[in-house]
Amino acid sequence: MAVLRPILADQLSPSLASLRDADRDSDWLLFCEVASEAGYVKHHQKKITLLFSAMRHYAEQLREQGWQVHYSRLDDPANTGSLVAEVARLAALLGCQQVVATLAGEQRLVDEMQSWQQHSGLPVELREDDRFLASHDDFVQWAAGRKQLRMEYFYRDMRRRYQILLDGDQPVGGAWNYDSDNRKPAPADLAAVEPLRFVPDAITSEVQGLVAEHFDDHPGSAEGFHFAVTREQTLEVLEHFIGLSLPLFGDYQDAMVEGEPWLFHSHISFYLNCGLLLPLECIEAAERAYRNGRAPLNAVEGFIRQILGWREYVRGIYWLKMPDYKTANFFNAQRPLPALYWGAQTQMNCLAQCVGETLDNAYAHHIQRLMVLGNFALLAGLAPSEVNDWYLAVYADAYEWVELPNVTGMVLFADGGVVASKPYAAGGAYISRMSNYCKNCHYKVKERSGERGCPFNYLYWDFLARHRDQLGNNPRLGMIYRSYDKMAADKRELIATDAAQFLTRLDSGETV
Ligand code: FAD
Ligand code: DLZ
Ligand code: SF4
């Protein structure tokens, strides 16, 4: 019996559940470049380039290995433009009697996949995606009966379960978490590691042309694309990171430097999330580096926590809390996303730098996403749906299962405290400590108010004052509210006036 086995753009892994019992002689593997997936938000042109080029390379390799592969190109006149219609069309065209697929990573597409049977008229088997280290059931069991779903405790369980960085049953070095060592600002003479850049081959160049032609109204550009697009290349990226950047990854994990978008980060989220790399191999490579004396514990533990802890945890939260999570809006924030997120001029240098790098590279590192771009969205009261759409569109590693909990939970506190125990709100002092952005800024980070006062300063206090009803009882904010209460009344008034004026200017489209 011929089985059609559709493979989504983020399912580029030979170990995929739906391929396990595939038959090279009778079955068809199907890849589809479709307008519906490329356009449901305006994905960055480099993100589409990455996914289409990686799909084309992978399909080619599978063909060379003797598989029957059908590849629907975006510009094929027969392409119907959606996965549901392509599956129905090609199942009939290729004479398949059944469809077997691995469930998509996000609710929207899972819902669509559940309608494939009806549309194709064939039995459709949908299998759980088991490339993650915690299944949905594992997470549900972990969460059951807990008052708080803190990542740190989930992470410790995962360390024990996978025997990562343990001496016997104890954490290597005596502590589970070395984050306190990982908050160094970058020194002025810091030499960051350059990322490994790949020259586009014929397949990638063709995709760049296609993307430029069909998605020119999407953010960014397909020009300057240098990401890995094959499994072999992504393994080189991993090796490059482990050998060169991992030793300093921990120290400068939170640092931000003007003109240095890549620093000591791994830049592997693009590849982990589309399946070219698998989480355990990255974790094990980092642990080996520690055991061989090639990288210190604070760096290795910090890196492993991001993948074994945060990445698995946010996916667990997503499926535990959907579909309500998508509309969560604890603060009832309603402000539209200002044009500066799309590159309109701003005098706030930190925002200008982080937005600029994001639009150029389809990448920004975690602290830029959290403490500059996200912090501003939180303090300015931007509507969660608009902020989520932006993050989903602009980053090449963005899929709803990972983007939504980071934005709605970690950044906006729109889930009311499921992910974070308090909002990650900060004034300009944090950005000044962790970056060199303030040196070149129109605003003065040490000034708390007035025309040249750093907007993060008054927006921070105004945010806390505005949301006292919701946050006043949070034990982690008690000291901060006490400081606010100790401020002279005229100072508090100035904060409110400056914030109101700033937000009015933002709303009216003025350059802020
Ligand atoms: P590194 O700093 O080298 O970290 C190693 C790996 O750890 C990453 O590749 C990633 O797989 C994982 N990781 C680290 N932090 C997180 C996290 N908070 N959640 C999940 N995985 C994590 N990550 C995405 O993969 N896709 C997203 O759409 C995404 N959106 C984000 C939105 C916001 C507002 C914030 C604050 C974070 C978001 N992250 C997202 C997490 C993180 O910023 C990126 O994973 C990281 O910047 C990717 O770069 P890197 O590979 O160089 O990461
Ligand atoms: C993000 C994306 C894009 C841009 N294009 C496609 C596509 O053409 N074909 C496809 O199969 N998948 C695409 N994707 C990924 C999906 O939109 C979706 O985010 C993931 O499959 C969720 O697991
Ligand atoms: Fe950003 Fe304020 Fe520093 Fe300017 S002064 S870069 S707005 S934190």
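All values reported here derive from a predicted model rather than from experimental measurement.

**As for the site of ligand 2**
Then step 1. The full set close to ligand 2 counts 19 residues, and Asp10, Cys32, Val34, Glu37 and Gly105 are the nearest of them.
Then step 2. With respect to ligand 2, the side chain of aspartate 10 contributes an N or O atom lying 2.4 Å from an oxygen atom.
Then step 3. In the complex, 100% of the free accessible area of ligand 2, which totals 490 Å², lies under the protein chains.
Then step 4. Structurally, ligand 2 is housed in the largest cavity.
Then step 5. Mapped onto the shell around ligand 2, the elements with two or more residues apiece are helix H1 (35-39), helix H2 (45-64) and helix H4 (107-113).
Then step 6. The residue inventory of the shell around ligand 2, partitioned by class, reads twelve nonpolar, two polar and five charged.

**Let's talk about the site of ligand 1**
Then step 1. Taken together, the neighbourhood of ligand 1 is formed by 29 residues, with His265, Ser266, His267, Asn273 and Tyr363 sitting nearest.
Then step 2. Contact distances for ligand 1 include 2.8 Å between an oxygen atom and a side-chain N or O atom of tyrosine 363.
Then step 3. Listed by contribution, the elements that provide at least two residues to the shell around ligand 1 are helix H10 (269-274), helix H12 (297-321), helix H14 (366-379) and helix H16 (400-411).
Then step 4. For the shell around ligand 1, the residue count by class is 16 nonpolar, nine polar and four charged.
Then step 5. Three or more residues apiece are contributed to the shell around ligand 1 by two domains, here domain 2 (136-321) and domain 3 (339-508).

**Topic: the sheet that holds strand E5 (residues 124-127)**
Then step 1. Spatial strand order, E3-E2-E1-E4-E5: five strands in an open sheet with parallel pairing. In the strand order of this sheet, the two ends are held by strand E3 (68-72) and E5, each with one partner. Averaged over neighbouring strand pairs, the angle between their axes works out to 25° when direction is ignored.
Then step 2. Where strand E4 (residues 98-102) and E5 come together, four bridges link them in parallel fashion. Bridge pairing in E5 links valine 99 to valine 124.
Then step 3. H2 contacts strand E2 (28-32) and E3 of the sheet and is inclined by roughly 160° relative to E3.

**Some points on the packing of helix H7 (residues 151-162) against H12**
Then step 1. Packing of H7 against H12 leaves a shortest axis separation of 9 Å and a crossing angle of 105°. Comparing the axis directions of H7 and H12 gives the class roughly perpendicular. The segment H7 lies against H12, with Met151, Glu152, Phe154, Tyr155, Met158, Arg159 and Tyr162 engaging Glu301, Arg305, Leu308, Gly309, Trp310, Glu312 and Tyr313.

**Considering the packing of aromatic side chains**
Then step 1. Using the criterion set out here, one finds 34 aromatic pairs in the structure.
Then step 2. Ring geometry for tyrosine 341 versus tryptophan 390: centroids 5.1 Å apart, planes at 80°, classification edge-to-face. Of this pair, tyrosine 341 sits in the loop between H12 and helix H13 (349-361) while tryptophan 390 is found in helix H15 (residues 384-394), placing the two residues 49 residues apart along the sequence.
Then step 3. For the pair tryptophan 342 and tryptophan 390, a centre-to-centre distance of 6.4 Å together with 70° between the ring planes defines the contact as edge-to-face. Of this pair, tryptophan 342 sits in the loop between H12 and H13 while tryptophan 390 sits in helix H15, and the two are 48 residues apart along the sequence.
Then step 4. One residue, arginine 108, lies across the ring of tyrosine 40, its end atom 3.6 Å from the ring centre.
Then step 5. When the ring centre of tyrosine 363 is taken as origin, the NZ or CZ atom of arginine 369, which lies over that ring, is 5.9 Å away.

**What to know about the domain arrangement of the protein chain**
Then step 1. Domain parsing of the protein chain yields domain 1 (3-127), domain 2 (136-321) and domain 3 (339-508).
Then step 2. The C-alpha-based centres of domain 1 and domain 3 are spaced at 39 Å.
Then step 3. Listed per partner, the contact involves 13 residues of domain 1 and 15 residues of domain 3.
Then step 4. Between domain 1 and domain 3 lies a buried interface of about 1,000 Å² when both sides are counted; carbon and sulfur atoms form 57% of it.
Then step 5. At the boundary of domain 1 with domain 3, the tally comes to zero salt bridges.
Then step 6. Taken together, domain 1 and domain 3 are joined by six residue pairs in polar contact (both at pLDDT 80 or more).
Then step 7. Of the residues forming the side of domain 1 that touches domain 3, the biggest block, four residues, is contributed by H2.

**Considerations on helix H18 (residues 455-466)**
Since one α-helical turn is 3.6 residues long, residues separated by three or four positions face the same way.
Then step 1. Helix length check: H18 (twelve residues) gives 16 Å between terminal C-alpha atoms against 16 Å at 1.5 Å per residue, within 8%.
Then step 2. Among the twelve residues in H18, ten count as buried, and that is most of the element.
Then step 3. Within H18, the full set of buried residues consists of Pro455, Phe456, Asn457, Tyr458, Leu459, Tyr460, Trp461, Asp462, Phe463 and Leu464.
Then step 4. Residues of H18 that are buried sit in contact with H13, H14, helix H17 (428-434), helix H19 (468-471), helix H20 (478-486) and helix H21 (489-507).

About the cut-offs
Residues numbered from 1 in each chain as written. Chains lettered and ligands numbered in written order. Predicted model: local features only at pLDDT ≥ 70, side-chain atom pairs only at ≥ 80, totals over all residues. Heavy atoms only, no water. Near = heavy atom within 4 Å. Polar contact = N/O pair within 3.5 Å; in protein donor to acceptor, adjacent residues only side chain to side chain. Areas by Shrake-Rupley, 256 points an atom, 1.4 Å probe, with all protein chains shown as cover. 1 Å grid on protein atoms, 1.4 Å probe; cavity = no way out; pocket = protein on both sides within 12 Å on 5 of 7 lines; lining within 4 Å. Sits in = over half its atoms within 2 Å of the grid points. Helix = DSSP H or I, 4+ residues; strand = E, 2+ residues; numbered from the N terminus. Nonpolar A, V, L, I, M, F, W, Y, C, P; charged D, E, K, R; others polar. Domains from an automatic or database assignment. Pairing = 2+ DSSP bridges. Axes fitted to C-alpha atoms, helices over the stretch in contact; angles between N-to-C directions. Contact = heavy atoms within 4.5 Å. Parallel < 35°, antiparallel > 145°, perpendicular 65-115°, else oblique. Phe/Tyr/Trp six-rings, centres within 6.5 Å; stacked < 30°, edge-to-face > 60°. Lys NZ or Arg CZ within 6 Å of the ring centre and 35° of its normal. Buried area = accessible area lost by both parts, 1.4 Å probe. Salt bridge = Lys/Arg side-chain N within 4 Å of Asp/Glu carboxyl O. Expected span 1.5 Å × (residues − 1). Buried < 20%, exposed > 50% of the residue type's maximum accessible area, 1.4 Å probe, protein only.

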